[in-house]
Amino acid sequence: MKSIAVFCGSSRGKDPAFSEQARRLGGSLAEQGIRLVFGGSNVGLMQELANGALEAGGEVTGVMPRFLYDKGIAHTGLTRLVLVDTMHERKMQMNELCDGVIVLPGGFGTFDECFEMITWAQLGIHQKPIALLNVQGYYDPLLEMIRRMVDQGFLKDEHHGMLILSSDIQKVLDTMHDYTPTHTGKWINGEQ
Ligand code: AMP
C-alpha cells in the first residue's frame, strides 16, 4: 500500500485522545513509507494528522476545493496541494490518489466521505479497503446502526463485512495491507 486517504473531523472533538490518535496515525503512515492523502486543511484533527505525518518525514498530499482554499485554511507545509473545483471532484481525486481509506472520528463531512467510499465499494466502483479507526469507541453507535441495517434487510452481511474496524492503528494498517476483496457487487443478474 503506497498511499492512504484519511477522512477526519475539521474539529478536534472534546477528548484529547482524538488529537493524539490523529497525530499518531500520521506518524505511523510516514514511518511505514505510506503517503497521506487528506482534505488539505490546517484545522482540527486534519491538522494533527498532517503534522504527525510531516514531523515524521512523511509525504502529504492535500486535496481541497478552491472555495475552501480561499478561506485561508489550507495547510501551507504540505508536500503537495491539489486544488479542485467542487467537493465532488475532491472525493473523486482522493479516491484516485489512494490505495485505501481510514476514517477517524469526525462529523457530517467525515461521514459523507466515508459513506461515499463504502457505497462505491459496494457497487464495485473500487475494491479498496476501508477502515474505521474506532478511537474511544466513537463509532460504536454507528456499528450498531449498521448491524440494524443487516437485521432489517437493508444491507447484505458481506457488505457489512467489507468494513475494517479497530481502535488499534497498527492492526488497521496490517489488516488493510492483507485485504483481499471477497464481496460480490450489489447487483447480481438484476437481483439484489
Ligand atoms: P467534518 O467531519 O464535518 O468536520 O468534516 C471533515 C471532512 O470534510 C474532512 O475530511 C474534509 O475533507 C471535509 N471538510 C469539512 N470542513 C472542512 C474544512 N474546513 N476544510 C477542509 N475540509 C473540510
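Each remark here, short or long, concerns the structure printed above.
Residues numbered from 1 in each chain as written. Predicted model: local features only at pLDDT ≥ 70, side-chain atom pairs only at ≥ 80, totals over all residues. Heavy atoms only, no water.

Draft legend 1. Quick look at the site of the ligand. Near the ligand lie 15 residues; those nearest to it are S10, S41, G107, T110 and E113. Backbone polar atom of F108 to an oxygen atom of the ligand: 3.4 Å apart, as the coordinates give it. Within the backbone of G109, a nitrogen or oxygen atom sits 2.8 Å from an oxygen atom of the ligand. Considered on its own, the ligand offers 480 Å² of accessible surface; in the complex 84% of this is hidden by protein. Per-element tally for the shell around the ligand: the top contributor is helix α5 (residues 108-122), with four residues. Grouping the amino acids of the shell around the ligand by side-chain chemistry returns six nonpolar, seven polar and two charged. (Near = heavy atom within 4 Å. Polar contact = N/O pair within 3.5 Å; in protein donor to acceptor, adjacent residues only side chain to side chain. Areas by Shrake-Rupley, 256 points an atom, 1.4 Å probe, with all protein chains shown as cover. Helix = DSSP H or I, 4+ residues; strand = E, 2+ residues; numbered from the N terminus. Nonpolar A, V, L, I, M, F, W, Y, C, P; charged D, E, K, R; others polar.)

Draft legend 2. Examining the packing of aromatic side chains more closely. Tallied over the entire structure, the rule returns four aromatic pairs. Geometrically, the ring pair formed by F111 and F115 is tilted, given 6.3 Å between the ring centres and 40° between the ring planes. Here F115 and F111 lie together in helix α5, a separation of four residues that amounts to about one turn. The partly exposed category is assigned to F111, whose relative accessible area is 27%. A residue is classified by how much of its surface remains accessible, and F115, at 28% relative accessible area, is partly exposed. With a centroid separation of 5.0 Å and 75° between ring planes, the pair formed by Y138 and Y139 is classed as edge-to-face. For Y138, a relative accessible area of 33% translates into the label partly exposed. Residue class for Y139 comes out buried when judged on its relative accessible area of 2%. Among the aromatic side chains, those forming a connected cluster through ring pairs are F18, F111, F115, Y138 and Y139. (Phe/Tyr/Trp six-rings, centres within 6.5 Å; stacked < 30°, edge-to-face > 60°. Buried < 20%, exposed > 50% of the residue type's maximum accessible area, 1.4 Å probe, protein only.)

Draft legend 3. Local environment of the environment of K2. Structurally, K2 can be placed in the segment before β1 (3-7). A residue is classified by how much of its surface remains accessible, and K2, at 68% relative accessible area, is exposed. As a C-alpha pair, K2 and H160 span 158 residues in sequence and 25 Å in three-dimensional space. Discounting residues that sit within four places of it in the chain, K2 has contacts with G33, I34, R35 and D99. (Contact = heavy atoms within 4.5 Å.)

Draft legend 4. Region of the structure containing the sheet that holds strand β4 (residues 80-84). Reading across the sheet, the seven strands line up as β4-β3-β2-β1-β5-β6-β7 and stay open at both edges, with parallel pairing between neighbours. The open sheet has two free edges, formed respectively by β4 and β7 (163-166), since each of these has just one partner strand. Across the sheet, the mean angle separating the axes of adjacent strands is 25° when strand polarity is ignored. Across the sheet, helix α2 (residues 44-55) touches β1, β2 (35-38) and β3 (60-65), and the angle it forms with β2 is around 160°. Helix α8 (residues 169-178) rests against β1, β5 (100-103), β6 (130-133) and β7 of the sheet, and its axis sits at about 155° to β5. (Pairing = 2+ DSSP bridges. Axes fitted to C-alpha atoms, helices over the stretch in contact; angles between N-to-C directions.)

Draft legend 5. Representation of unusual backbone geometry within the structure. Even without being a glycine, Q136 presents a positive backbone phi close to 55°. Position of Q136 among the secondary structure elements: in the loop between β6 and α6 (140-151).

Draft legend 6. Broad picture of the nonpolar core. Core analysis: the biggest nonpolar cluster contains 29 residues, and V6, L49, I102 and L104 have the highest contact counts within it. Counting only elements with at least two residues in this core, the list comes to β1, α1 (16-31), β2, α2, β6 and α8. L104 has contacts with V6, F7, C8, A22, L25, L49, T110, L133, V135 and Y139, leaving out every residue within four places of it along the chain. Counting residues in each nonpolar core, the second largest holds 25 residues, with V84, M94, L143 and I146 among its members. (Core = buried A, V, L, I, M, F, W, Y, C linked by side-chain atoms within 4.5 Å.)

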